[in-house]
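Structure assessment
What follows is each chain in one-letter form.
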Amino acid sequence: MLKKYSVTLLVLLNMLFATGCSRQNNNLKQVKKNDTVRVTYQLKSGRRSLGTKNVQLKKGAKVDTGLKKAWPTKEHKGMITEINGHKQNDKKQKYWMYTINGKKASKGVKQQNVKDKNKIVFTLQKVSE
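A few points on the structure. (Residues numbered from 1 in each chain as written. Predicted model: local features only at pLDDT ≥ 70, side-chain atom pairs only at ≥ 80, totals over all residues. Heavy atoms only, no water.)

1. Observations concerning the sheet that holds strand E4 (residues 79-83)
Note the cut-off: We treat two strands as partners when DSSP finds at least two bridges between them. Strands here mean DSSP runs of E at least two residues long; helices mean DSSP runs of H or I at least four residues long; both are numbered from the N terminus.
The strand order E3-E4-E5 describes an open sheet built from 3 strands, whose pairing is antiparallel. Among the strands making up the open sheet, the edge pair consists of strand E3 (73-76) and strand E5 (86-87). Where E3 lies against E4, 4 bridges are found, and the strand directions are antiparallel. Bridge assignment links Glu75 to a residue of E4, and that residue is Ile80.

2. Section: the nonpolar core
Side chains of a nonpolar character, in soluble globular proteins, are inclined to be buried together. What counts, and what does not: In this text, buried Ala, Val, Leu, Ile, Met, Phe, Trp, Tyr and Cys residues form a nonpolar core when linked through side-chain atoms within 4.5 Å. Partly exposed describes any residue whose relative accessible area lies between the buried limit of under 20% and the exposed limit of over 50%, with all areas from a 1.4 Å probe on protein chains only and scaled to the type maximum. Contacts are assigned to residue pairs with any non-hydrogen atoms lying within 4.5 Å of each other.
Judged by nonpolar contacts, the single largest core of 21 residues is most densely connected at Tyr41, Val63, Val114, Ile120 and Phe122. Broken down by secondary-structure element, the contributors of at least two residues to this core are strand E1 (36-45), strand E2 (48-58), helix H2 (63-70), E4, strand E6 (94-100) and strand E8 (119-126). Per element, the largest residue contribution to this core is 4 residues, and it comes from E1. For Val114, the contacting residues outside a window of four places in its chain are Val37, Val39, Tyr41, Leu57, Ala61, Lys62, Val63 and Ile120.

3. Remarks on unusual backbone geometry
Not every positive phi belongs to a glycine, and Gln93 is a case in point at roughly 55°. With respect to the element layout, Gln93 can be found in the loop between E5 and E6. On the basis of relative accessibility, which here comes to 48%, the residue Gln93 falls in the partly exposed class.

4. Remarks on the pattern of salt bridges
As a reminder of what qualifies: Salt bridge, as used here, is a side-chain nitrogen of Lys or Arg placed within 4 Å of a carboxyl oxygen of Asp or Glu.
Enumeration according to the criterion identifies 5 salt bridges in this entry. Where Asp64 meets Lys68, a salt bridge forms, and the shortest distance between an N and an O atom there is 3.6 Å. Pair noted here: Asp64 and Lys68 are both in helix H2, with a separation of 4 residues, about one helical turn. Of the charged contacts, one joins Glu82 and Lys74 as a salt bridge, the two residues approaching to 4.0 Å between their closest N and O atoms. Of the residues examined, Glu82 reaches a relative accessible area of 12% and is grouped as buried. Several salt bridges converge on common partners, so that one network encompasses Asp64, Lys68, Glu75 and Lys110.

5. Comments concerning the side chain of Asn118
Along the polypeptide, Asn118 turns up in the loop between strand E7 (103-104) and E8. For Asn118, a relative accessible area of 7% corresponds to the buried category. The residues contacting Asn118, other than those within four sequence positions of it, are Arg38, Val39, Thr40, Ile100 and Asn101.

6. So, the sheet that holds E2
Note the cut-off: Fitted lines through C-alpha atoms give the axes, limited to the stretch in contact for helices. The angle between two N-to-C directions lies from 0 to 180 degrees.
Read across the sheet, 5 strands follow the order E2-E1-E8-E6-E7 without closing on themselves; strand pairing throughout is mixed. Two strands lie at the open edges of the sheet, namely E2 and E7, each paired on one side alone. Here E1 runs beside E8; their pairing, made up of 6 bridges, is parallel. By the bridge assignment for E8, Tyr41 is matched with Ile120. Contacts between H2 and the sheet are confined to E1, E2, E6 and E8, with E2 contributing the most and set at about 115° to the helix.

So far we have only geometry, and geometry alone does not tell us how the molecule works.
Rendered as structure tokens:
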């Protein structure tokens, strides 16, 4: 009889422990979710789309962090020179430019913070466009 109560008590303690752990994990997931932003990145060459990706980043992340997470990039002296195999062309004066939510960026990719639901479009275009 005592053995039966001991087993029942152990089962109940295990259930309480498992419930407490699952609540703790849910709270951690909620905190992590609140510390992130979701940003859409799009690549274009002129008017032609080269691809779109949604990236999840930590709050306070810079534009280049998400770009590098989405595609392989190359840079020279802090300027993006190639994204996903698409290179800028100095002779044709085609360079990578970017907009945030349809507005030309006023800062470089390493200085500009991203915000939740930003749409960032990198376009390989002539400087005069």
